[in-house]
Amino acid sequence: MWSSLIMAVEFFVIAIPIHILICRLTSSYKFISKSVLIGFFVLLFLCGYQHQTSSVDFVSMYVFSTLWFSYLMIVLALIKSTTLKMLDALAKNVNGELHVNEFTRFFHKDEGLKNRLITMKMNGFISIHHEKLYLTQRAQKTLSFVDFIRRLFALVEKQT
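To keep things clear, this report deals only with the structure shown in the data block. (Residues numbered from 1 in each chain as written. Predicted model: local features only at pLDDT ≥ 70, side-chain atom pairs only at ≥ 80, totals over all residues. Heavy atoms only, no water.)

**Re the environment of Leu5**
And then number 1: Here Leu5 lies in helix α1 (residues 2-25).
And then number 2: Put simply, Leu5 and Ser60 are 55 residues apart on the chain and 5.8 Å apart in space, counted from C-alpha to C-alpha. (Helix = DSSP H or I, 4+ residues; strand = E, 2+ residues; numbered from the N terminus.)

Here is the structure:
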């Protein structure tokens, strides 16, 4: 069983640089489709490797697939998070501040702005003074990390 886990992790570790390379060499168009296909082809390669060594093991295939989809969910959450987009909009504002009502310019009311703002304040990502929002240092560090991930995968979104 340990050999199954180790083999799955080895193929997962090999798949990540391949994924990053393909993302950097191609456009961000259909990111998820390409990412799922990369995982599928690495899984096929894992199956072929196991067939050649006469040790087909479904546990390693399952573990690899689980690792791959978990990894994709984390990357996608960093790229598409509305909360991170809100922090990014605040960071890109010239004065580094926004009035609470100015977020409606970027986001629709149905996205739960009030609840998100409360949660961001409770988690220490923003501070509110006189109905103006300010980024905390924690938020700036988080945005730097997310920006690194987006640039790593060449997924810089177009400015609107």
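What follows continues from the structure just given.
**A closer look at the sheet that holds strand β2 (residues 126-129)**
And then number 1: Ordered by their spatial adjacency, three strands build an open sheet running β1-β3-β2, and the pairing between neighbours is antiparallel. Strands at the two margins of the open sheet, each flanked by one partner only, are β1 (97-99) and β2. For this sheet, the mean angle separating the axes of adjacent strands, direction not counted, is 30°.
And then number 2: The strands touched by helix α4 (residues 82-92) are β1, β2 and β3 (132-135); relative to β3, the strand with the most contacts, the crossing angle is about 95°. (Pairing = 2+ DSSP bridges. Axes fitted to C-alpha atoms, helices over the stretch in contact; angles between N-to-C directions. Contact = heavy atoms within 4.5 Å.)

**Looking at the side chain of Ser60**
And then number 1: With respect to the helices, strands and loops of the structure, Ser60 is situated in helix α3 (residues 58-80).
And then number 2: Excluding residues that lie within four positions of it along the chain, Ser60 makes contacts with Ser4, Met7, Ala8, Leu46 and Gln50.

**Observations regarding the environment of Ile14**
And then number 1: Its place among the elements puts Ile14 in helix α1.
And then number 2: In the structure, Ile14 is positioned 140 residues away from Ala154 in sequence and 19 Å away in space, judged by C-alpha atoms.

**A look at the pairing of β2**
And then number 1: Bridging between β2 and β3 involves four bridges; their strand directions are antiparallel. Its bridge partner lying in β3, Ser127 is registered against Tyr134.
And then number 2: If you look at the hairpin formed by β2 and β3, you'll find two residues sitting between the two strands, and His130 has a positive phi there, around 55°.

**Focus on the packing of aromatic side chains**
And then number 1: Within the structure shown, the criterion is met by nine aromatic pairs.
And then number 2: Centroid distance Phe11 to Tyr49: 5.8 Å. Interplanar angle 50°. Geometry classified as tilted. Residue Phe11 is located in helix α1, and its partner Tyr49 is located in helix α2 (residues 31-52); the two are separated by 38 residues in the primary sequence.
And then number 3: Each ring, one from Tyr71 and one from Phe153, has its centre 6.5 Å from the other, and the planes form 55°; the classification is tilted. Highlighted residues: Tyr71 in helix α3 and Phe153 in the segment after α6 (137-152), separated in sequence by 82 residues.
And then number 4: For Tyr71, a relative accessible area of 12% puts it in the buried group.
And then number 5: Through a chain of ring-to-ring contacts, the aromatic side chains of Phe12, Phe31, Phe64, Trp68, Tyr71 and Phe153 assemble into a single cluster.
And then number 6: Positioned over the ring face of Phe125 is Arg138, at 5.1 Å from the centre of the ring. (Phe/Tyr/Trp six-rings, centres within 6.5 Å; stacked < 30°, edge-to-face > 60°. Buried < 20%, exposed > 50% of the residue type's maximum accessible area, 1.4 Å probe, protein only. Lys NZ or Arg CZ within 6 Å of the ring centre and 35° of its normal.)

**Re the pattern of salt bridges**
And then number 1: Per the stated rule, a full pass over the model turns up two salt bridges.
And then number 2: Asp88 is paired through a salt bridge with Lys92; the nearest N and O atoms lie 3.0 Å apart. Pair noted here: Asp88 and Lys92 are both in helix α4, with a separation of four residues, about one helical turn.
And then number 3: On the accessibility criterion, Lys92 (47% relative accessible area) is partly exposed.
And then number 4: The partner of Asp147 in a salt bridge is Arg151, with the nearest N and O atoms 3.0 Å apart. Linking Asp147 with Arg151, this pair stays in helix α6, spanning four residues, or about one helical turn.
And then number 5: Among the residues examined, Asp147 registers a relative accessible area of 36% and is labelled partly exposed. (Salt bridge = Lys/Arg side-chain N within 4 Å of Asp/Glu carboxyl O.)

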